[in-house]
Amino acid sequence: MILETRGIGKTFGSVLALREVSMGVAAGQVTCVLGDNGAGKSTLIKILSGVHQHDTGAYLVDGKEVRLSSPRDALDRGIATVYQDLAMIPLMSVWRNFFLGSEPRKGLLPGLKAFDVAKARRVAREELRAMGIDIRDVDQPVGTLSGGERQSVAIARAVYFGARVLILDEPTSALGVKQAGVVLRYIARARDRGLGVIFITHNPHHAYPVGDRFLLLNRGTTLGEYAKADITTQELTALMAGGAELEQLTHELERE
Ligand SMILES: Nc1ncnc2c1ncn2[C@@H]1O[C@H](COP(=O)(O)OP(=O)(O)OP(=O)(O)O)[C@@H](O)[C@H]1O
Ligand SMILES: [Mg+2]
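Our subject in this report is the structure included herewith.

The rules behind the values
- Residues numbered from 1 in each chain as written.
- Chains lettered and ligands numbered in written order.
- Predicted model: local features only at pLDDT ≥ 70, side-chain atom pairs only at ≥ 80, totals over all residues.
- Heavy atoms only, no water.
- Core = buried A, V, L, I, M, F, W, Y, C linked by side-chain atoms within 4.5 Å.
- Buried < 20%, exposed > 50% of the residue type's maximum accessible area, 1.4 Å probe, protein only.
- Helix = DSSP H or I, 4+ residues; strand = E, 2+ residues; numbered from the N terminus.
- Contact = heavy atoms within 4.5 Å.
- Phe/Tyr/Trp six-rings, centres within 6.5 Å; stacked < 30°, edge-to-face > 60°.
- Axes fitted to C-alpha atoms, helices over the stretch in contact; angles between N-to-C directions.
- Parallel < 35°, antiparallel > 145°, perpendicular 65-115°, else oblique.
- Nonpolar A, V, L, I, M, F, W, Y, C, P; charged D, E, K, R; others polar.
- Expected span 1.5 Å × (residues − 1).

**Examining the nonpolar core**
It is characteristic of soluble globular proteins that their nonpolar side chains tend to be buried jointly.
1) Next: Phe98, Phe99, Leu128, Ile155, Leu166 and Ile187 are the most contacted members of the largest nonpolar core, which has 53 residues in total.
2) Next: Residue contributions to this core peak at eight residues, all from helix α6 (residues 177–192).
3) Next: Beyond its immediate stretch of four places on either side in the chain, Leu166 contacts Ala80, Val82, Ile155, Ala158, Ala190, Leu195, Gly196, Val197 and Ile198.
4) Next: With 25 residues, the next largest nonpolar core counts Leu3, Val21, Val165 and Ile200 among its residues.

Listed below in C-alpha cells is the structure:
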C-alpha cells in the first residue's frame with residue numbers, strides 16, 4: 001500500500017462526517033470510493049490530500065503514520081488531487097494550463113522561469129500523447145475542450161509532475177457516456193503507468209470496470225472495502241442502493 005487509512009474519523013462541529021473508515025491504495029491499482037451525496041467521500045479525500053486533518057484513527061503513507069499539514073505537503077509526497085473544477089483557466093491555452101501552478105519538481109523545467117514557451121509546448125504535447133490524449137493543438141484555449149478532455153489534461157499533468165497517487169473527485173459525474181468512457185481509459189492508463197488511483201464516484205457502472213478495490217460509504221460510515229474478486233457489479237449496485245436501508249436495519253437491530 002502506498003497510502004492507507006485505519007479507522008479514520010472526522011467531525012465538523014456536531015456533524016460526524018466520517019467514522020472508522022479503513023481503506024488503501026497500492027501502486028498500479030485503482031481504489032474506488034462509492035457513496036451517495038453526503039456520504040463523506042470528499043471529506044475522506046480532503047484528509048488524504050492534506051486539506052483536512054483526521055480526528056481519530058491513523059493515516060499511513062508508505063507504511064508510516066503521517067498527518068499532512070497542507071495540500072502542498074501531500075503533493076511533496078506524490079499525492080495529487082484532481083478536483084472537479086480542475087483549477088484551470090478556460091481562456092488560457094492547453095499548454096499553459098498544463099504548467100499552471102505546478103512548480104516543477106526536481107527542476108525539470110527551470111527554463112520555464114525564463115518562459116521557454118517552445119519547450120513547454122513540446123512537453124505538454126508529448127505528455128498528452130504519452131497518455132493517449134489526442135489534442136489537435138496545445139495552443140487552443142482549455143475552454144474549447146470537452147469536459148472529458150479537460151479531465152484528461154488534468155490527469156496527464158498530475159502524472160507528469162510526479163504523482164504516485166492520483167485522487168480524482170467525481171471526474172465522470174458531469175459527463176455523458178462517451179466522455180466518461182474517455183476519462184475511464186485515462187484512469188486505466190495512469191494505473192498501467194504504476195500510479196495508485198483513488199477514484200470517487202456515485203456510479204458503480206463507472207467504478208466496476210476500472211476498479212481493483214471498492215470502498216462503500218454511507219453517511220460517513222463504511223459498508224466495507226471489497227476486492228474485485230469478492231463482489232459483482234450487481235452486488236455493488238445493490239449495496240449502493242441499499243445503503244440507507246441497511247443503516248436503518250442496523251439501527252433497528254442495535255435497539256433490540
Ligand atoms: N467543512 C465542513 N463543515 C461542516 N460540515 C461539513 C464540511 N464538509 C463536509 N461536511 C459535512 O460532512 C458530510 C459529508 O460531506 P462530504 O462532502 O464529504 O460528502 P460527499 O460524499 O462528498 O457528498 P457529495 O456526493 O454530495 O459530494 C456532510 O454531512 C457535510 O455536510
Ligand atoms: Mg463530494
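**Side note on the packing of aromatic side chains**
Aromatic ring pairs are defined here through the distance separating the ring centres and the angle between the ring planes.
1) Next: The final tally for this structure, using the stated rule, is seven aromatic pairs.
2) Next: A centroid spacing of 6.2 Å and a plane angle of 40° characterise the contact between Phe98 and Phe161, whose relative ring orientation is tilted. Of this pair, Phe98 sits in helix α3 (residues 94–99) while Phe161 sits in the loop between α5 (147–160) and β7 (165–169), and the two are 63 residues apart along the sequence. As far as burial versus exposure is concerned, Phe98 and Phe161 are alike and both buried.

**Things to note about the packing of α5 against α6**
Packed helix pairs are characterised by how far apart their axes lie and by the angle those axes make with each other.
1) Next: Running from N to C, α5 and α6 point in directions that differ by 10°, and their axes come no closer than 8 Å. Looking at the two axes, α5 sits roughly parallel to α6. Facing α5, whose interface residues are Gly147, Gly148, Glu149, Gln151, Ser152, Ile155 and Val159, α6 presents Gln179, Val182, Val183, Tyr186 and Ala190.
2) Next: Considered class by class, the residues forming the contact of α5 with α6 number six nonpolar, five polar and one charged.

**Comments concerning α6**
Each full turn of the α-helix corresponds to 3.6 residues, which orients residues three or four apart in the same direction.
1) Next: A rise of 1.5 Å per residue sets the reference length of α6, with its 16 residues, at 22 Å; its end C-alpha atoms lie 23 Å apart and thus fit the reference within 8%.
2) Next: Among all positions of α6, only Ala180, Val182, Val183, Leu184, Tyr186, Ile187, Ala188 and Ala190 are buried.
3) Next: At its buried positions, α6 is contacted by β3 (30–35), α5, β7, β8 (196–201) and α7 (204–210).
4) Next: The positive-phi residue at the C-terminal boundary of α6 is Gly194, with phi of around 100°.

Note that every value here comes from positions in space, so none of it alone points to a role or purpose.
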